[in-house]
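# A look at the structure
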Number of protein chains: 2
Amino acid sequence: MIKARVTVTLKNGVLDPQGKAIEGGLGALGFEGVESVRQGKVFDMNVATDDKKAVEKSIADMCEKLLANTVIEDYAVEIL
Amino acid sequence: MIKARVTVTLKNGVLDPQGKAIEGGLGALGFEGVESVRQGKVFDMNVATDDKKAVEKSIADMCEKLLANTVIEDYAVEIL
C-alpha cells in the first residue's frame, strides 16, 4: 500500500476571499504581522499497489480530472 | 518575512463524508485501488518577522484559536 498526499493550492493571482477572511479574523484576534493567508486543500490517500511510478502518474491523472481545477489551481503530489 | 504552511487534517476515527464522496468519484472515473481518501486543509501564510521560534509558537496559537477545531482536527506547522 502506498500513502500519498496531494496538495491543491490556488494559483498566484487568483483571488482567495476565504484566505482574506481568515487573515482578517487573525487580525481581530490580536495576531500581528500576518501579511497574507491563502487556503488550499489536502487529500491523504491510500492506494493498494506498490508501484510508486504508476501511482504518481495515476494520482496526477486524478488531479487533472477531479481533485483540482487546473484553470485556477496548482497541485503537488507527494508519496509518503 | 517567514513563510509557513499549516496543515489541518481530521483525527483518525472522525467520519469524513467529503473524503468518501471523492473516493466514490474516483472509483466512478475508473481509478482502481484507491482504498481511502481523507480531505484536509492547508493554510499558506506570510508573517512579517524573522524570529522562527516566536512564529512557530504564534502559529500554534492561531491553530488552537481559529484555524483548527482541535476536538476533531490535528494540525501541523511547517516553516518553509
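Now for a look at the structure at hand. What you see is a predicted model, and the numbers here were worked out from it, not measured in a lab. In this numbering scheme, every chain counts its residues from 1 along its sequence in written order. Going through the entries in the order they are written, you letter the chains from A and number the ligands from 1. In keeping with the predicted nature of the model, local features appear solely for residues at pLDDT of at least 70, side-chain atom pairs appear and are counted solely at 80 or more, and the whole-chain, interface and lining totals rest on all residues. Side-chain measures here rest on the full set of heavy atoms in the structure, leaving out hydrogens and waters.

## What about the side chain of T9 of chain A?
Examined against the element boundaries, T9 of chain A turns out to sit in strand β1 (residues 2-10). Residues count as neighbours in contact if any of their non-hydrogen atoms are within 4.5 Å of one another. Excluding residues within four positions of it along the chain, T9 of chain A makes contact with G40, I72, E73 and D74 of chain A together with R5, V42 and D44 of chain B. By definition, any uninterrupted DSSP run of H or I lasting at least four residues is a helix, any uninterrupted run of E lasting at least two residues is a strand, and each is numbered from the N terminus.

## Thoughts on the packing of helix α2 (residues 52-67) of chain A against helix α1 (residues 17-28) of chain B
Inter-axis angles, ranging from 0 to 180 degrees, are taken between N-to-C directions of lines fitted to C-alpha atoms, where helices are fitted over the stretch in contact. With their axes 11 Å apart at the nearest point, α2 of chain A and α1 of chain B run at an angle of 105° to one another. Between α2 of chain A and α1 of chain B, the crossing angle belongs to the class labelled roughly perpendicular. Here α2 of chain A contributes M62, L66 and L67 of chain A to the contact with α1 of chain B, which in turn contributes I22, G25 and L26 of chain B. Gly counts as polar in this scheme, as do all residues outside two lists: the nonpolar Ala, Val, Leu, Ile, Met, Phe, Trp, Tyr, Cys and Pro, and the charged Asp, Glu, Lys and Arg. In the contact of α2 of chain A with α1 of chain B, the residues fall into 5 nonpolar, 1 polar and no charged. Angle categories are assigned with fixed cut-offs, so that under 35 degrees is roughly parallel, over 145 is roughly antiparallel, 65 to 115 is roughly perpendicular, and the rest are oblique.

## Structural notes on the pattern of salt bridges
Residue and element names in this part refer to chain A. Put simply, a salt bridge is a Lys or Arg side-chain nitrogen that is within 4 Å of an Asp or Glu carboxyl oxygen. For the structure on display, the rule yields 10 salt bridges over all chains. For D44, the salt bridge identified is with R5, shortest N-O distance 2.7 Å. Separated by 39 residues along the polypeptide, D44 in strand β2 (residues 34-47) and R5 in strand β1 bring together distant segments of the chain. The classification of residues rests on relative accessible area computed with a 1.4 Å probe and restricted to protein chains. Under 20% of the type maximum is buried, over 50% is exposed, and intermediate values are partly exposed. Exposure remark for R5: the relative accessible area of 21% places this residue in the partly exposed category.

## Some words on the interface of chain B and chain A
Contacts between chain B and chain A engage 32 residues on the former and 32 residues on the latter. What counts as buried area is the accessible surface, traced by a 1.4 Å probe, that two parts surrender upon association, with contributions from both included. Summing the contributions of chain B and of chain A, the shared interface buries around 2,600 Å²; its carbon and sulfur component is 66%. Counting across the interface, chain B meets chain A through 0 salt bridges. Polar contact criterion, stated in full: a pair of N or O atoms within 3.5 Å, where within protein one must be able to donate a hydrogen and the other to accept it, and residues adjacent in sequence count only if both atoms are side-chain atoms. Where chain B meets chain A, there are 10 residue pairs in polar contact (both at pLDDT 80 or more). Contributing elements (two or more residues each) for the side of chain B that touches chain A: β1 (2-10), α1, β2 (34-47) and α2 (52-67) of chain B. The dominant element in the side of chain B that touches chain A, judged by the number of residues it contributes, is β2 of chain B, at 14 residues. Among the residues making up the side of chain B that touches chain A, the classes are represented as 16 nonpolar, 9 polar and 7 charged. A pair of strands counts as paired when DSSP detects no fewer than two bridges linking them. Pairing between β2 of chain A and β2 of chain B: 13 bridges, direction antiparallel. Directly across from V34 of chain A, in β2 of chain B, lies its bridge partner V47 of chain B.

## Considering α2 of chain A
Take the residue count of a helix, subtract one, and multiply by 1.5 Å to get its expected span. For α2 of chain A, with 16 residues, the first-to-last C-alpha span of 19 Å runs short of the 22 Å given by 1.5 Å per residue. Taken as a whole, α2 of chain A has its buried residues at V55, I59, M62, C63 and L67 of chain A. Looking straight down α2 of chain A, one finds its buried side chains confined to an arc of 105°; they lie on one side. Among the exposed residues of α2 of chain A, those oriented more than 90 degrees off its buried face are K53, K57 and K65 of chain A. Structurally, α2 of chain A contributes buried residues whose contacts are with β1, β2 and β3 (73-79) of chain A together with α1 and β2 of chain B. Arc definition: directions from the helix axis to the C-beta atoms.

## Quick word on the relation of the copies chain B and chain A
Residues reaching a pLDDT of at least 70 in both copies supply the C-alpha atoms on which the copies are superposed by least squares. Of the two same-sequence chains, chain B is brought onto chain A (RMSD 0.0 Å, axial shift 0.0 Å) by a rotation of 180°. This pairing of chains is accounted for by a two-fold axis. No C-alpha of chain B lies nearer the rotation axis than that of K41 of chain B, which sits 2.2 Å from it. Most of the interface of chain B is mirrored in chain A: 100% of its interface residues are interface residues there too.

## Focus: the sheet that holds β2 of chain B
Sheet strands pair by backbone hydrogen bonding; their relative direction is either parallel or antiparallel. Taking strand neighbours across the sheet as the criterion, the 6 strands line up as β3(A)-β1(A)-β2(A)-β2(B)-β1(B)-β3(B) in an open arrangement whose pairing is antiparallel. The strands lining the two open edges of the sheet, one partner per strand, are β3 of chain A together with β3 (73-79) of chain B. Each neighbouring strand pair of the sheet contributes to a mean axis angle of 25°, computed without reference to strand direction. Alignment of β1 of chain A against β2 of chain A, held across 7 bridges, turns out to be antiparallel. Looking at β2 of chain A, one finds that R5 of chain A is bridged to D44 of chain A. Set on the sheet, helix α1 (residues 17-28) of chain A makes contact with β2 of chain A together with β2 of chain B; between it and β2 of chain A the angle comes to about 120°.

That's the geometry; what it means functionally is another story.
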